[in-house]
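Examining the three-dimensional arrangement
Listed below are the residues making up each chain.
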Amino acid sequence: MTKAVVNYSDKELIETLKKEHVGPQVIKYLYRTYFHFLSSYIKQNQGNEQDAEDIFQEVIVSFIEVIKAEKFRGESSIKTFLYTLNKFTWLNELKKRNRSLLRDTNYYESNNDEDRDVSHLIVEREAKGMVMQMMDKLGEVCKKILVAYYYNNLPMKEILRLIDYQNEQVLRNKKYKCLKSLEQMLTADPELAQRFKNALIL
Amino acid sequence: MSDNDKYTETIIRYLDGELTGVDLKSFEELLRKDSAVQEELDDLRLAQKAIRSYGLKTDVASVHDEMMKEFKAEKKSSSARIYPFVRTTLKIAASLLFFLLSIGIYQYSTVSPSKLYNDNYRPYTEPVSRGAAGTTELEKAYIGGKPAVVTGLFEKMGSADNKTDFLAAQSYLALHRPGKAIEVFNRILTSPPADLSFRDDAEYYVALAYLGNNQPGQARVIFERIYGDKDHPYHDRISYWMLLKLKLLSLKTPAK
């Protein structure tokens, strides 16, 4: 079956990613355009196929967040920026695995502003991962309500159809409790909260 | 609901954009005055960001799985496209190899000096017209297709000139006496340089005579020399295929 493939220029891609909700089509475009290019770097530098897949997934999430935070300065092309992000993410992962670093040991000392921003994001990726685990601890119902409301921007009436609750007020109360629980988990570890904040304010 | 909880609910309503008019203004006033409320607002805002980040991660993960399946399917289908081509090519190559081997084996088993001799022997045609002035009895007998008469006359008179020798040698070949023919042809090839007539003809026919005499090794040397000389009048009578057969004969009978 032939798939309809949408192509974007760098400018169109940035504008699309800045929109409130990122559709699957643009994410697929990122995969089709950059996955093979970036995964070859991982595989050439001590990584395997699974490493390449995991790192790419992380890179795409970070990239979209960078765009949404309007922190992409456009000093380089998206391809170059993704390459840098991919490289730093992988080198950080290698460092975490206590492997010997490759030639780019001093990548945090880059003179390029965009590189410094990227390296900053990568340093805090572990904190980000831990916060994602907190979300999992909230339970399926809480995750569903919060993601539907704050990420998918669905109105309460539509969320009520997804969750089998008596009425909208019960759902509102549940949403309140879920968000409060997450806040409490975050404030219980101020250091982690700060690191997570750092990772987000790029 | 505690006081703190009460504020939390208002903060969430504020973050969700549900506060309007007087409620919004009074909350903004509260924010300016109460640092604890401001702090909780920051914490809840961070929690919202965590949710958005989680949502994005989940969306990417879902597309990721789909894309990995797509890439793997593409890889498989590209392999599927390549493998039949490789298989077909290998089949053709194997068939061709088998065909060539079969031909080689068949040729090796069937090739023989006498067969090669019979395939290539064509009696020399004397260009002199019947009854022309100066035509010797021997020539007349040759033109008349009487090789036994020719050899009889030749044996009586002995060697006269290259032409006489050549026609006699041809007659020996016609009488299936290649050994005698070789002897006479070689006489032409070693004759004094003053008489160069019939030398090229003798060279070709002596090689044929060697074949007829079951001496393919000797024949091959001469045929290869003629094949290598494009100006030789008998060059066109020798093909690469013929030389190949001679090589096979050399393998079969290396000493000859």
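In what follows, the accompanying structure is described. (Residues numbered from 1 in each chain as written. Chains lettered and ligands numbered in written order. Predicted model: local features only at pLDDT ≥ 70, side-chain atom pairs only at ≥ 80, totals over all residues. Heavy atoms only, no water.)

Things to note about the overall build of chain B
Scanning chain B for helices and strands turns up 11 helices and zero strands. The order of α-helices and β-strands along chain B, N terminus first, is α-α-α-α-α-α-α-α-α-α-α. Considering chain B as a whole, with its 256 residues, one finds that 36% of them fall into the buried category. Across chain B, every contact between residues at least 6 apart in sequence was considered, and the portion connecting residues at least 24 apart equals 54%. (Helix = DSSP H or I, 4+ residues; strand = E, 2+ residues; numbered from the N terminus. Buried < 20%, exposed > 50% of the residue type's maximum accessible area, 1.4 Å probe, protein only. Contact = heavy atoms within 4.5 Å.)

Things to note about the overall build of chain A
Looking only at helices and strands, chain A has 10 helices and zero strands in total. Reading the helices (α) and strands (β) of chain A from amino to carboxyl end gives α-α-α-α-α-α-α-α-α-α. Buried positions account for 49% of the 202 residues belonging to chain A. Intrachain contacts of chain A at a sequence separation of at least 6 include 65% that bridge at least 24 residues.

Remarks on the pattern of salt bridges
Residues and elements named next belong to chain A. One pass over the structure, following the stated rule, counts 24 salt bridges over all chains. Of the charged contacts, one joins Glu168 and Arg172 as a salt bridge, the two residues approaching to 3.6 Å between their closest N and O atoms. Highlighted residues: Glu168 and Arg172, both in helix α9 (residues 168–187), separated by four residues, approximately one helical turn. The partly exposed category is assigned to Glu168, whose relative accessible area is 25%. Residue Arg172 is classed as partly exposed on the basis of its relative accessible area of 28%. (Salt bridge = Lys/Arg side-chain N within 4 Å of Asp/Glu carboxyl O.)

Digging into the state of the cysteines
Residue and element names in this part refer to chain A. Tallying each qualifying case throughout the model produces one disulfide over all chains. One disulfide bridge connects Cys142 with Cys178, the sulfur atoms lying 2.0 Å from each other. Because the torsion about its S-S bond is -75°, the bridge between Cys142 and Cys178 counts as left-handed. With Cys142 in helix α7 (residues 140–151) and Cys178 in helix α9, this pair connects stretches of sequence that are 36 residues apart. Of the two residues, Cys142 and Cys178, both sit in the buried class. (Disulfide = S-S within 2.5 Å.)

Structural notes on the nonpolar core
Counting residues in hydrophobic clusters, the biggest one holds 80 residues, and the most contacted among them are Ile27, Tyr31, Phe63, Ile64 and Leu182 of chain A. In terms of residue count, helix α3 (residues 35–110) of chain B provides more of this core than any other element does, 14 residues in total. Once residues within four sequence positions are removed from consideration, Phe63 of chain A is found in contact with Leu17, Leu30, Ile78, Phe81, Leu82 and Leu85 of chain A. (Core = buried A, V, L, I, M, F, W, Y, C linked by side-chain atoms within 4.5 Å.)

Thoughts on the interface of chain B and chain A
At the junction of the two partners, chain B supplies 33 residues and chain A supplies 40 residues. Summed over both partners, the interface of chain B with chain A buries about 3600 Å², with 69% contributed by carbon and sulfur atoms. Our enumeration of links across chain B and chain A arrives at six salt bridges. When the shortest N-O distance is used, the salt bridge between Glu40 of chain B and Lys180 of chain A registers 2.6 Å. Counting across the interface, chain B meets chain A through 14 residue pairs in polar contact (both at pLDDT 80 or more). Considering each element in turn, the side of chain B that touches chain A owes the most residues, 26 residues, to α3 of chain B. For the side of chain B that touches chain A, the per-class residue count stands at 14 nonpolar, six polar and 13 charged. (Buried area = accessible area lost by both parts, 1.4 Å probe. Polar contact = N/O pair within 3.5 Å; in protein donor to acceptor, adjacent residues only side chain to side chain. Nonpolar A, V, L, I, M, F, W, Y, C, P; charged D, E, K, R; others polar.)

A closer look at the side chain of Gln57 of chain A
Note that Gln57 of chain A resides in helix α3 (residues 49–68). Relative accessible area serves as the criterion here: at 17%, Gln57 of chain A is assigned to the buried category. Leaving out residues up to four positions away in the same chain, Gln57 of chain A has contacts with Tyr31 of chain A together with Val60, Ala61 and His64 of chain B.

Focus on the environment of Ile11 of chain B
Residue and element names in this part refer to chain B. The topology assignment puts Ile11 in helix α1 (residues 3–15). With relative accessibility at 0%, the residue Ile11 sits in the buried group. It is 7.9 Å that separates the C-alpha atoms of Ile11 and Val37, two residues lying 26 residues apart in sequence. Residues in contact with Ile11, not counting those within four places in the same chain, are Phe27, Val37, Glu40, Leu41 and Leu44.

A closer look at the packing of helix α4 (residues 113–120) of chain B against helix α11 (residues 240–252) of chain B
Residue and element names in this part refer to chain B. Running from N to C, α4 and α11 point in directions that differ by 160°, and their axes come no closer than 10 Å. Put simply, α4 runs roughly antiparallel to α11. Once α4 is placed against α11, the crossing between them reads as left-handed. Where α4 abuts α11, its residues Pro113, Leu116 and Asn120 lie against Met242, Lys245, Leu246 and Leu249. Its residues assigned to classes, the contact of α4 with α11 comprises five nonpolar, one polar and one charged. (Axes fitted to C-alpha atoms, helices over the stretch in contact; angles between N-to-C directions. Parallel < 35°, antiparallel > 145°, perpendicular 65-115°, else oblique. Left-handed = near helix turned anticlockwise from the far one by under 90°.)

Thoughts on helix α10 (residues 216–228) of chain B
Given 3.6 residues to a turn, an α-helix orients residues that are three or four positions apart in the same direction. Residue and element names in this part refer to chain B. The first and last C-alpha atoms of α10 sit 18 Å apart over 13 residues, in line with the 18 Å expected at 1.5 Å per residue. Listed as buried for α10 are Pro216, Ala219, Ile222, Phe223 and Ile226. Take α10 and look down its axis: the buried residues cluster within an arc of 130°, on one side only. Against α4, α9 (199–212) and α11 lie the buried residues of α10. (Expected span 1.5 Å × (residues − 1). Arc of directions from axis to C-beta.)

A few points about the environment of Ile226 of chain B
All names here are of chain B. Take Ile226: it is sitting in helix α10. The class for Ile226 is buried, based on a relative accessible area of 0%. The sequence separation of Ile226 and Ile238 amounts to 12 residues, and the corresponding C-alpha distance is 7.7 Å. For Ile226, the residues in contact, after removing those within four places along its chain, are Glu203, Tyr204, His232, Tyr234, His235 and Ile238.

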